[in-house]
Amino acid sequence: MVVTYREALNQAMREEMRRDGRVFLIGEEVGYYQGAFKVSKGFVEEFGPERVLDTPITEAGFTGLAVGAAMTGLRPIVELMTFNFGILALDQIVNNAAKIRYMSGGQLSVPMVIRGPGSAAHQLAAQHSQSLEAWFCHVPGLKVIAPATPYDAKGLLKSAVRDENTVIFFEAQLLYGTKGEIEEGEYTIPIGKADVKRAGSHVTVAAYSKMLLLALEAAEELSREGIEVEVVDLRTLKPLDVETLAQSVHKTGRLVIVEEGWRFAGLGAQVAESVYAKAFHSLDAPIVRVTGEDVPMPYARPLEDLAIPDRARVISAVKQVL
Amino acid sequence: MNGKRENLLPLYRDMFLIRRFEEKSAEMYALAKIAGFLHLYIGQEAVAVGCLAATRSDDYVISSYRDHGHCLARGSDPKKVMAELFGRATGLCKGKGGSMHLIDAERNFMGGYAIVGGHLPLAVGLAFAIHYRKGDQVVLCFFGDGAVPSGQAHESFNLAALWNLPVIFICENNRYGMGTPVQREMSLYTNLIDRAISHGMRAEQVDGMDVLAVRDLMTRVVAAVRERHHPYFVEALTYRFMGHSMADPAHGVYRTREEVEEARKQDPLGRLRETILRSGCGSEVDFKQLEREIDEVVRASVTFAEESPFPGMSALYEDVYADH
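Conventions and cut-offs
- Residues numbered from 1 in each chain as written.
- Chains lettered and ligands numbered in written order.
- Predicted model: local features only at pLDDT ≥ 70, side-chain atom pairs only at ≥ 80, totals over all residues.
- Heavy atoms only, no water.
- Pairing = 2+ DSSP bridges.
- Helix = DSSP H or I, 4+ residues; strand = E, 2+ residues; numbered from the N terminus.
- Axes fitted to C-alpha atoms, helices over the stretch in contact; angles between N-to-C directions.
- Contact = heavy atoms within 4.5 Å.
- Phe/Tyr/Trp six-rings, centres within 6.5 Å; stacked < 30°, edge-to-face > 60°.
- Lys NZ or Arg CZ within 6 Å of the ring centre and 35° of its normal.
- Buried < 20%, exposed > 50% of the residue type's maximum accessible area, 1.4 Å probe, protein only.
- Buried area = accessible area lost by both parts, 1.4 Å probe.
- Salt bridge = Lys/Arg side-chain N within 4 Å of Asp/Glu carboxyl O.
- Polar contact = N/O pair within 3.5 Å; in protein donor to acceptor, adjacent residues only side chain to side chain.
- Domains from an automatic or database assignment.
- Nonpolar A, V, L, I, M, F, W, Y, C, P; charged D, E, K, R; others polar.
- Parallel < 35°, antiparallel > 145°, perpendicular 65-115°, else oblique.
- Right-handed = clockwise from strand over helix to strand, strands pointing away.

Draft legend 1. Highlighting the sheet that holds strand β13 (residues 255-262) of chain A. Residues and elements named next belong to chain A. Taken together, the five strands give an open sheet; going across it, the order is β9-β11-β10-β13-β14, and neighbouring strands pair in mixed fashion. The open sheet has two edge strands with one neighbour each: β9 (195-198) and β14 (288-292). Neighbour to neighbour, the strand axes of the sheet diverge by 25° on average, direction disregarded. Sheet analysis places strand β10 (residues 203-207) next to strand β11 (residues 229-233), joined by five bridges and oriented parallel. What sits directly across from A207, in β11, is D233. Its contacts with the sheet put helix α9 (residues 210-224) on β9, β10, β11 and β13, and the angle it makes with β11 is roughly 170°.

See below:
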């Protein structure tokens, strides 16, 4: 069955809310408006306003409310209209959701999902175009997921809802309309497993979310020149599946990491460190990172294009490590 | 309510336990047996004890970093509390929380939180969960005057009032947010309840140095919230006799010795003691016996803490995640 990324997320939440009465959806415009990006279309009609809660524009308040509810065993799904607004909820996420289990010596858990789009779309400017996943990956106690395809989005979101921990789930505005094959009926994908999306022998390219599509396009083009790229989709950013990356590097000996976030202290720096620690002797060249530029996102189109990784830069990075 | 027939000694006992426990904690801090930040509750005992006397054991309680009093008033084992302050494996939180993060899930004591204003949304979430499950518990959420102007507090007040959630916000107005007096914290500082009223909440002030007044008001408030499922805001006017934390002197920097001495005349323990003696429901002999008993409880808590092991090194990575 071919569905959009948006529809895959909708199915995942709908199935989980049907199977478990403890699951509820809370966020801005998730109910009667059907979701700012229409991910929760039809939810308030099926589950009612008691389980699909439209909130005022108070991210700290409603995210904290969800943490408190999760402490009693409910399983909230918090929709952030975008992760830019999630910055307002960082105190709740970092100081409460991520730490309560540890601080309580295991007495309490915070099983919840915080999801919504991250990264840039088209010319939304500095405050609406940020890839903040590295921030969340830095915090012990959180799991972080960033799927690229409808298939992965559905299976991973279902696993996230069933997880006993707080899971940060990154979507992307430019992915919502993309289409892909999913399985009919019930399936889940384990958190913490990367996926080889294209097999190749010359270079490994690791990417996630929107950048995975870029990596696949670059691989296709390079293939025409006789360069076979293996594309590894990280899918889960924390815990990171270093094993799958290392296996790929054992085969190719070369690694390029593609990420949309800022370069300095970005996620790719950690991925590189993890791979160096595990597979240094298999590497035939230093790891190269393709990243977003270290600037607030400019509005003007040509400048925005410069600030975000593109196919040409991925191709040039692959050639650099060869 | 008059104290003529009722035995008020249990209330005195609960307050005296907190007083002695806190004094002992300060002593242990001076001996470096307790480290980190230690915020004492001395002077405010009537608020915790009066409020908790009005609750059911399945009601939820949540507090800030000045949490020893609420935890003990909730009935947590003083031994486990002291062991937690000592950072021992036998502590309430296995030594990982410390003074500011006491949690006793078995008693629905959902914790002490150390970011000012940050636990108010959690309290609203606990109340939401009660509402979601169609339960009839209530949530008691304790915080200081310093939390009132914070954004998270106002987001919480609005959500609780908007969705009619059974949470009672208990503001312990001890007149200072650390070293800043309340009149330098807030534009409208004489009646903090005005803020709650502006969010559409019912709100009342009470003399927080009078445990009977607190308990009587809270009995009424808890019943109303339990029955009608709306939030309530209670401002308890109180005073902390000690500094903000052990790092802060009781007087000399931002308040005078005279001011503290004046406040000490309203000592909630002294006031209840007088009431009890006057009403005849307890005698000097009763107090002597009760105080001896509590001294023994506190002494035993220190012995227990001292004899308990520190957490094993393997505990470092335990409970970061639920799955390992």
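Structure shown, so let's carry the discussion forward.
Draft legend 2. Looking closely at the packing of aromatic side chains. Within the structure shown, the criterion is met by 22 aromatic pairs over all chains. Ring centres of Y12(B) and F16(B) lie 5.9 Å apart, and the angle between their planes is 15°; this geometry places the pair in the stacked category. On the criterion of helical spacing, the pair formed by Y12(B) and F16(B) is a turn pair, its members being four residues apart in helix α1 (residues 9-30). The ring of Y33(A) carries K38(A) above its face, with NZ or CZ at 4.2 Å from the centroid. Its end group placed over the ring of F310(B), R88(B) keeps NZ or CZ at 4.1 Å from the ring centre.

Draft legend 3. Unusual backbone geometry, seen in detail. Residue P239(A) follows K238(A) across a cis peptide bond; omega there is 0°. Position of P239(A) among the secondary structure elements: in the loop between β12 (236-238) and α10 (242-252). Backbone geometry at E29(A) places phi at a positive 65°, although glycine is not the residue there. Within the secondary structure, E29(A) is located in the loop between β2 (23-27) and α2 (43-47). Classification of E29(A) by relative accessible area gives partly exposed; the value is 35%. Although it is not a glycine, A32(B) sits at a positive phi angle of roughly 65°. With respect to the helices, strands and loops of the structure, A32(B) is situated in the loop between α1 and α2 (45-52).

Draft legend 4. Broad picture of the interface of chain B and chain A. If you look at the interface, chain B gives 38 residues, while chain A gives 48 residues. Summing both partners gives a buried area of about 3,300 Å² for chain B against chain A, and 64% of it is carried by carbon and sulfur. On the chain B side of the interface with chain A, the three residues burying the most area are Y132(B), D319(B) and Y321(B), jointly 19% of the side's total. For the pair chain B and chain A, the number of links is two salt bridges. The residue D323(B) makes a salt bridge to K143(A) at a minimum N-O spacing of 3.0 Å. On the surface where chain B and chain A come into contact, there are 21 residue pairs in polar contact (both at pLDDT 80 or more). The set of elements that each furnish at least two residues to the side of chain B that touches chain A consists of α5 (120-132) and α6 (151-162) of chain B.

Draft legend 5. Representation of the domain arrangement of chain A within the structure. Residues and elements named next belong to chain A. Structurally, chain A comprises domain 1 (2-181) and domain 2 (195-321). The distance between the C-alpha centroids of domain 1 and domain 2 comes to 26 Å. Tallying the contact residues gives 32 residues for domain 1 and 25 residues for domain 2. Contact with domain 2 buries surface across domain 1, with Q123, C137 and A146 losing the most and accounting together for 24% of the total. Notably, a salt bridge pairs D152 with K197, separated by 2.6 Å at the nearest N-O pair. Counting across the domain 1 and domain 2 interface gives 14 residue pairs in polar contact (both at pLDDT 80 or more). At the level of elements, α7 (133-137), β6 (142-145) and α8 (150-162) are the ones that each hand at least two residues to the side of domain 1 that touches domain 2. Per-element tally for the side of domain 1 that touches domain 2: the top contributor is β6, with four residues. A class-by-class count of the residues in the side of domain 1 that touches domain 2 yields 20 nonpolar, nine polar and three charged.

Draft legend 6. Representation of the packing of helix α3 (residues 59-71) of chain A against helix α5 (residues 90-97) of chain A. Residues and elements named next belong to chain A. It is at 8 Å that the axes of α3 and α5 come closest, and there the two elements cross at 25°. It follows that α3 is roughly parallel to α5 by the angle criterion. Facing α3, whose interface residues are A60, T63, G64 and V67, α5 presents Q92, I93, N96 and A97. Looking at side-chain class alone, the contact of α3 with α5 contains four nonpolar, four polar and no charged residues.

Draft legend 7. Broad picture of the pairing of β14(A). All names here are of chain A. With five of five residues buried, β14 lies mostly within the body of the structure. Where β13 meets β14, four bridges bridge the pair, whose relative direction is parallel. In the sheet register, I257 faces β14, and the bridge partner there is R289. On the question of chirality, the crossover connecting β13 to the parallel β14 by way of helix α11 (residues 267-279) is right-handed.

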